[in-house]
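So the chains spell out like this:
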Amino acid sequence: MRGEWQKVTIFLRKFRGSLRSKQYTEKGHIKSYDTIERFIVMGKGGTGKTTISAVLARALSSAGHDTLAVSLDPAHNLGDVLGDVLDDKPKKVSDKLFAFEVDLDTQVRRFIDKKLDQMRPLYGHLQIFNADKFLKALEQSPGMEEFALLEAIKEIGNFDQSYGAIVLDTPPTGMTLRLLTLPDLTLLWIDELMGLRKKILERRAYLQHIEGSGKKIDNQDDPVMAELQRYRCEIKDIKSFLHGEGASILLVLQVDKLSVKETERTIKKLSTYGYGVRACLINKAPKEDPFKAYASSGLDDLMKAHGEISWIELPDLGEKISTPQGLNLLGKDLINFLHIGDFK
């Protein structure tokens, strides 16, 4: 039992180390997204995260950048803010602005079906035990939604590279944090599985040597090892999209204690996972006596504690925010505050 706990401890240490590391050992296998600015917009429900995502996307497209806005939030409102009906395929909303909403239930089913199709050729003999039924049960398993969203992000990364910017309107904070850490955790599990598979192949080669078959087994010829290596490169591509050069996390909050506390926890957790925050966007910043509101909500202390983060005040435009003119007005201020130049 003690030995098993030691293995778990070593695994967790590796996981923490990998989260803090931004370096990749197999750079030749990683897709480059350096020419695409990716904005991961996070925030507590009700802070205006979706509105800010739409504002940023409109502003970027108005500035001349081909922009893709994507809603990963199961409670889709992006289309409502943009004033268009969206589905699960990119739709042209205006000149240089495209948007779509990921249908999470459909994405989970597609992810499970894809994995079944990939596994059947490798483990076809298990069909006599009705293994498909058990694999399909994974659809209801914890973590499937996060894995399905990773698959969606991979598909977004494979879209036409002409997009100069991609804005992700994310799910609730807890789910987004799990999503951001999933690539590192998955890479660790893949490495462990590859190690186990290598031992299996070595033992198989040893048995064949005893039997005198003389057949040499190459790890590269093993279909299971090949699939693990393929999936490893795929996950590294997703990690590069989320955490590589050009990716930025924006946190949206309002001046109230609950929003400030969640923002504080999120900054801390993101730091633990190796992610930095580019800016905190204070939505509906109070016009009258803002210092008093900042002090009473705890925002003043949070800003002082994280001087490395840009804190951007966005005014409350009231009903104007529901109009394209209001979105454009707020968007121009936002991209100026973020110092977004001609990155294309």
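Check the entry above for the structure.
Residues numbered from 1 in each chain as written. Predicted model: local features only at pLDDT ≥ 70, side-chain atom pairs only at ≥ 80, totals over all residues. Heavy atoms only, no water.

Undergrad: Explain the overall build of the protein here, please?
TA: Scanning the protein from N- to C-terminus turns up 12 helices and 8 strands. Expressed as a percentage of its 344 residues, the buried residues of the protein come to 45%. Restricting the contact set of the protein to residue pairs at least 6 apart, pairs at least 24 apart contribute 80%. Here the protein has roughly 18400 Å² of accessible surface; of this, 54% comes from carbon and sulfur atoms. (Helix = DSSP H or I, 4+ residues; strand = E, 2+ residues; numbered from the N terminus. Buried < 20%, exposed > 50% of the residue type's maximum accessible area, 1.4 Å probe, protein only. Contact = heavy atoms within 4.5 Å. Areas by Shrake-Rupley, 256 points an atom, 1.4 Å probe, with all protein chains shown as cover.)

Undergrad: Explanation requested: the environment of Glu262 in the structure shown.
TA: Along the chain, the position of Glu262 falls in helix α9 (residues 257-272). Counting along the chain gives 219 residues from Glu262 to Gly43, while the straight-line C-alpha distance between them is 8.3 Å. Glu262 has contacts with Gly43, Lys44 and Thr173, leaving out every residue within four places of it along the chain.

Undergrad: Help me understand the pattern of salt bridges, please; the structure alone is not making it clear to me.
TA: Any two side chains of opposite charge can pair if their charged atoms end up close together. Considering all chains together, one arrives at 17 salt bridges under this definition. A salt bridge links Glu37 to Arg278, with the nearest nitrogen and oxygen atoms 3.6 Å apart. Taken together, the residues Glu37 in strand β1 (residues 37-43) and Arg278 in the loop between α9 and β7 (279-285) connect sequence positions 241 residues apart. You can call Arg278 partly exposed: its relative accessible area is 27%. Between Arg230 and Glu234 there is a salt bridge, with its nearest N and O atoms 2.7 Å apart. (Salt bridge = Lys/Arg side-chain N within 4 Å of Asp/Glu carboxyl O.)

Undergrad: Sorry, what's going on with empty space enclosed by the protein here?
TA: One water molecule sets the probe size; rolling that probe over the atoms shows where empty space is left. All chains considered together, the criterion is met by 2 cavities of 30 Å³ or more. What the largest cavity holds in volume is close to 60 Å³. Along the walls of the largest cavity sit Met42, Gly43, Lys44, Thr173, Leu251, Val252, Ser259, Glu262, Thr263 and Thr266, which together make up its complete lining. Every element with two or more residues in the lining of the largest cavity is listed here: β1, β6 (247-253) and α9. (1 Å grid on protein atoms, 1.4 Å probe; cavity = no way out; pocket = protein on both sides within 12 Å on 5 of 7 lines; lining within 4 Å. Points joined across faces, edges and corners; volume = space filled by probe spheres on them.)

Undergrad: Would you explain the sheet that holds strand β8 (residues 310-315) in this entry?
TA: Backbone hydrogen bonds are what pair the strands of a sheet, in a parallel or an antiparallel way. Strand order in the open sheet formed by 8 strands is β3-β4-β2-β5-β1-β6-β7-β8, with mixed pairing between adjacent strands. Each of the sheet's edge strands pairs with one partner strand only, and the pair in question is β3 (91-94) and β8. Averaged over all adjacent pairs, the angle separating strand axes in this sheet is 25 degrees, with direction ignored. (Pairing = 2+ DSSP bridges. Axes fitted to C-alpha atoms, helices over the stretch in contact; angles between N-to-C directions.)

Undergrad: For this particular structure, what's the right way to read the pairing of strand β2 (residues 67-71)?
TA: Moving residue by residue along a regular strand, the side chains alternate between the two faces of the sheet. Where burial is concerned, most of β2 is hidden: 5 out of the 5 residues are buried. Of the two faces of β2, the one holding Thr67, Ala69 and Ser71 and the one holding Leu68 and Val70 are both buried throughout. Relative to strand β4 (residues 97-101), β2 runs parallel, the two being bridged by 5 bridges. When the sheet's bridge partners are listed, Ala69 is paired in β4 with Ala99. Note that β2 and strand β5 (residues 165-169) share 5 bridges and pair parallel. Bridge pairing in β5 places Thr67 opposite Ala165.

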